[in-house]
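Observations on chain architecture
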Amino acid sequence: MFISLVSVAQSKVYQSEKEKIHDLVHTKLKVDFNFDQKTMNGEAWITAKPHFYSTNTITLDAKAMLIHQVSINNAALKYTYDDGLNLMISLPKTYQKDEEFTIYIKYTAQPEKVYQKGSAAITSAKGLYFINADGSDKNKPTQIWTQGETESSSCWFPTIDAPNQKTSEEIYITVPDKFVTLSNGELVSQSKKGTNRTDYWKFDQKHAPYLFFMGIGEYEIIKDSYKNIPVNYYVEKEFAPYAKDIFGLTPEMIGFFSDKLGVEYPWNKYSQIVGRDYVSGAMENTTAVMHGEEAYQKPGQLIDENVQENTIAHELFHHWFGDLVTAESWSNLTLNESFANYSEYLWREYKYGKVNAEMHAHENMDAYLNGQNESKTLVRFNYDDKEDMFDLVSYNKGGAILHMLRVYLGDEAFFTGLKQYLNTYKNQSAEVHQLRLIFEKLTGKDLNWFFNQWYFAAGHPNIEISYDYNTLRKTVTVNIVQLQADTFKFPFTIDVFESGKRTRHSVFVDAKDASFTFPYTKQPNLIQVNADGSLICEIHENKVLSDYIFQLKNADNYAHRREAFLEVAKKQDDKDAFNAVVEALDDKSYKIRILALQQIDLINKFSKKDVIQKIMNIADTDAKTLVQAEAINTLGKLTDPLLKPIFEKGLQSKSYSVLGKSLVSLYYVDKPAAIAKSKVLPDEVRKILATPLTRIFIEENDESELPFIAKTTLSGMYLTGDDSSKVLFQKAFKQISESNNSEAIQNLVDDMVDKGKQYKGFNFDKVVINLMRDMIKDQQKANKSNRENNIEIIKTAMAKLL
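This is a predicted model, so every value here is computed, not measured.

Here's the deal with the sheet that holds strand β12 (residues 180-183)
Hydrogen bonds between backbone atoms are what pair the strands of a sheet, whose relative direction is either parallel or antiparallel. An order of β9-β10-β15-β12 is seen for the four strands of this open sheet, with the pairing classed as antiparallel. In this open sheet, the two strands that pair with only one neighbour each are β9 (128-131) and β12. Strand after strand, the sheet turns through a mean of 15° between neighbouring axes, direction not considered. Where β9 and strand β10 (residues 143-146) come together, four bridges link them in antiparallel fashion. Looking across to β10, one finds that Phe-130 is bridged to Ile-144.

Remarks on the packing of aromatic side chains
This model, assessed by the stated rule, comprises 47 aromatic pairs. When the ring of Phe-256 is compared with that of Tyr-350, the centres are 4.2 Å apart and the planes differ by 15°; the resulting orientation is stacked. Separated by 94 residues along the polypeptide, Phe-256 in helix α2 (residues 250-261) and Tyr-350 in helix α5 (residues 334-352) bring together distant segments of the chain. Here Phe-256 falls in the buried class, since its relative accessible area comes to 10%. For Tyr-350, a relative accessible area of 42% puts it in the partly exposed group. Taking 5.8 Å as the distance between ring centres and 75° as the angle between the ring planes, the aromatic pair formed by Tyr-265 and Trp-320 counts as edge-to-face. Taken as a pair, Tyr-265 in the loop between α2 and β18 (270-275) and Trp-320 in the loop between α4 (309-317) and β21 (325-327) lie far apart in primary sequence, 55 residues in all. We note that Tyr-265, like Trp-320, is buried. Taken together, the ring pairs in this structure connect Phe-256, Phe-257, Tyr-265, Tyr-270, Phe-317, Trp-320, Phe-321, Phe-339, Trp-347, Tyr-350, Tyr-421 and Tyr-425 into an aromatic cluster. We note Lys-624 situated over the ring of Tyr-590; from NZ or CZ to the ring centre the distance is 4.6 Å.

So, the pattern of salt bridges
Following the criterion strictly, the structure yields 45 salt bridges and no others. Residue Glu-99 is joined to Lys-93 by a salt bridge in which the shortest nitrogen-to-oxygen separation is 2.5 Å. Given the relative accessible area of 25%, Glu-99 is considered partly exposed. With a closest N to O distance of 3.0 Å, Lys-734 and Asp-778 form a salt bridge. Residue Lys-734 is found in helix α23 (residues 723-737), and its partner Asp-778 is found in helix α25 (residues 764-782); the two are separated by 44 residues along the sequence. One network of salt bridges, with partners in common, ties together Lys-354, Glu-358, Asp-495, Arg-502, Arg-504 and Asp-556.

A look at a negative patch on the surface
A cluster of acidic residues, Asp-36, Asp-134, Asp-137 and Asp-750, forms a negative patch on the protein surface. Position of Asp-750 relative to the elements: it lies in helix α24 (residues 742-758).

Digging into the sheet that holds strand β17 (residues 229-235)
Strands sit in the order β16-β17-β18-β20-β19 across an open sheet of five strands; the sheet is mixed. Edge strands, defined here as strands with exactly one partner in the open sheet, are β16 (220-226) and β19 (282-283). Pairing geometry for β17 and β18, over four bridges, is parallel. In the sheet register, Val-231 faces β18, and the bridge partner there is Tyr-270. Relative to the sheet, α2 contacts β16, β17 and β18, its axis offset from that of β16 by approximately 35°. Across the sheet, α4 lies against β18, β19 and β20 (288-292), angled at about 130° from β18, the strand it touches most.

Observations regarding unusual backbone geometry
Here the amide bond leading from Glu-149 into Thr-150 is cis, since omega sits at 10°, within 30 degrees of zero. If you trace the backbone, Thr-150 turns up in the loop between β10 and β11 (167-176). With a phi angle near 55°, Ser-499 is a residue other than glycine that sits in the positive phi range. Relative to the helices and strands, Ser-499 resides in the loop between β25 (490-498) and β26 (501-509). With a relative accessible area of 52%, Ser-499 lands in the exposed category.

Conventions used here
- The residue count restarts for each chain, going from 1 along the sequence in the order it is written.
- It should be noted that, the model being predicted, local features are given only for residues of pLDDT at least 70 and side-chain atom pairs only at 80 or more, the latter also being counted only at that level, while totals for whole chains, interfaces and linings use all residues.
- To obtain the side-chain values, all non-hydrogen atoms of the structure were used and water was disregarded.
- Only strands joined by at least two bridges in the DSSP assignment are considered to pair.
- We count a stretch as a helix when DSSP gives it H or I for four or more residues in a row; a strand needs E for two or more, and each element gets its number in order from the N terminus.
- For helices, the axis comes from a line fit to the C-alpha atoms of the stretch in contact; other axes are also lines fit to C-alpha atoms, and the angle between any two N-to-C directions lies between 0 and 180 degrees.
- Centre distance within 6.5 Å is the pairing criterion for rings of Phe, Tyr and Trp, where only the six-membered ring of Trp is used; planes under 30 degrees apart are then read as stacked, over 60 as edge-to-face, and the remainder as tilted.
- Relative accessibility decides the category of a residue: with a 1.4 Å probe and only protein chains considered, values under 20% of the type maximum give buried, values over 50% give exposed, and everything between is partly exposed.
- Geometrically, a lysine NZ or arginine CZ counts as sitting over a ring once it is within 6 Å of the ring centre and also within 35 degrees of the ring normal.
- By definition here, a salt bridge exists when the distance from a side-chain nitrogen of Lys or Arg to a carboxyl oxygen of Asp or Glu is within 4 Å.
- Patch building starts from residues that exceed 30% relative accessible area and form no salt bridge, then joins like charges within 9 Å and nonpolar side chains (Val, Leu, Ile, Met, Phe, Trp, Tyr) within 5 Å.
- The accessible surface values rely on the Shrake-Rupley method and a 1.4 Å probe; as for residues, cover is taken only from the protein chains in view.
- For the purpose of counting charges, residues Lys and Arg are taken to be positive, whereas Asp and Glu are taken to be negative. His and the chain ends are not included.
- All charge positions are set by atom: Lys at NZ, Arg at CZ, Asp at CG, Glu at CD.
- Whether two residues are in contact is decided by their heavy atoms, any of which lying within 4.5 Å being enough.

As structure tokens, this is what we get:
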């Protein structure tokens, strides 16, 4: 699963693997839907067997259901279902180990009556979601989709809802004939009856119950393939022409991961579907991956960057780590999510090169280090709620730990070990110790120290570095002091730069204080610790400006060059520093090029026309459109009419980022031309360029555009963008709130209701209600002609959240 991650403190409550009293064998379902009531009529045939001990009862998870019938071989069974959570069934006899039986259950699933905590923004993990079920929202399609992780499949069918269970499945899904369905495995047959159609999906391999999936809606199916395996993309009609632009790298990803792991893709198809109002980022349902609507992008966005590409890789890699071999408990979630997180690095390393992968790794690590996760272990048997496991430790830190293990063992051992792990535990569940034992047996190395400190202990090294030079002996000693409470052991790379030549030294730190001495011929220009960037750590050392300038120009790792740039950019009144910033405009990392454009001081006394000319060339020729866009933005700050041709040319770009930046830059040198252009842009482009257009319309105080602005104001204030754009949208909110424009107010509160419900898990509904109260006060103070009508619009919206 790919989600928005939040930090939760580690609890003292011990959470064990769920005891296996029974083993699921097979699950057969027949379902149809009551759209008005948002319920599902279901029949389930659950085949199970005792795991070891003989038993005459079975308990199934079944949340908030109406149970109509429970039987075996047409004979009714006694059962209790008092708490609406556990269906406890008395069997007709005592069954022995491995003796199978099949129970029939007729039921009604009532997802709207489920209340259980969900991950991240999910207030109630209902398992089964009806989207615009009555069709009242003309801007949103009617859809049904499921979300099983962690234990929500039992909201729509009775099961043993635990990750250490594995079952095959078959599902008969009856829907109005206009809808397309998607589920796990193969679509075996379709049969029509009147205006309805029943699709029969069959999945012969075994997987965990949380990976069961149904997706229903009016979709176009765009067909692709990997070898002889169907690879399909289910998208709304509007995005059908762009489906392969969004998802089209999937076959190449399947081939790359299959080759890298030495284990071929293990399933019979790979489909991806996009759902509206999805409660998570994406989900790795076996052979039927679900994506949130942020996956939808137009060519003008995709030319800049496919923002869903990492997620596509992430969910695909789960089909080995999570679906084929599953963490036996949520405490061992790292066996699923850390691998999926690391797959993003692997893919970017393969497809776009080392620097691109390092950029991604740095952003992942930066999020972890700034996320207040010091007290949480990767394998965590102590948590208040299983949803708390989905955090920056399980994802970001876990992925970085796998990279450290890869660097320590070497590529051949690391990937051979993964192959053996997958082949040994395929179609089973596993725990972290089993991964460790695979690597130990393969390499002959003891890895207890590595797993104990990185998987079963919390934190990371916090290191202070100092240097002692002996000019007589021509040696330098690197002193390493660990400042944190616990002592870590780790391999450590140190680069010594001497006369422009880099020499890498690999050492092993196994004490709180450690020192390593290296010879040199000429005084080193720089010593770079953690040179390969692989160690999860924080480093403190004293460097002067000349050190950072050299580091910016010569460091091998992206994170070190970025660190140096941020320091050098603070001192641009120094000519050498300014020149280094100018040189950074050519850095091999496009993100450092963007940083340089954002922070270069063109008012600086060292600025020359040739620097501005250089930026003009970047705006025209940089290989990355995001860099072109930032160059145009930088030139726009000069408000020089002579630059107008550059901005006008940018308005013709296929890139929406270039177009947006050009529009705003043009506004500051030719307002009428920019406003005229903004009025004639197609609606789909205006929606995507909401931020730059809002900047223009708010500055112009253009009330006619307030209905347009209102549709993205709330997202701009809270959910997207940087600090400057948040300030912009706060200003927009105030302008709408005080306006007489009923259409704008209606658009704003409609979005507030939608977002308030969607992010209720963050208590965002309370934030929205307070904003609505402020709007009422603003309307009362403004005393415009539509005041009473506007206040009624706001109150009606507020009632939907109270």
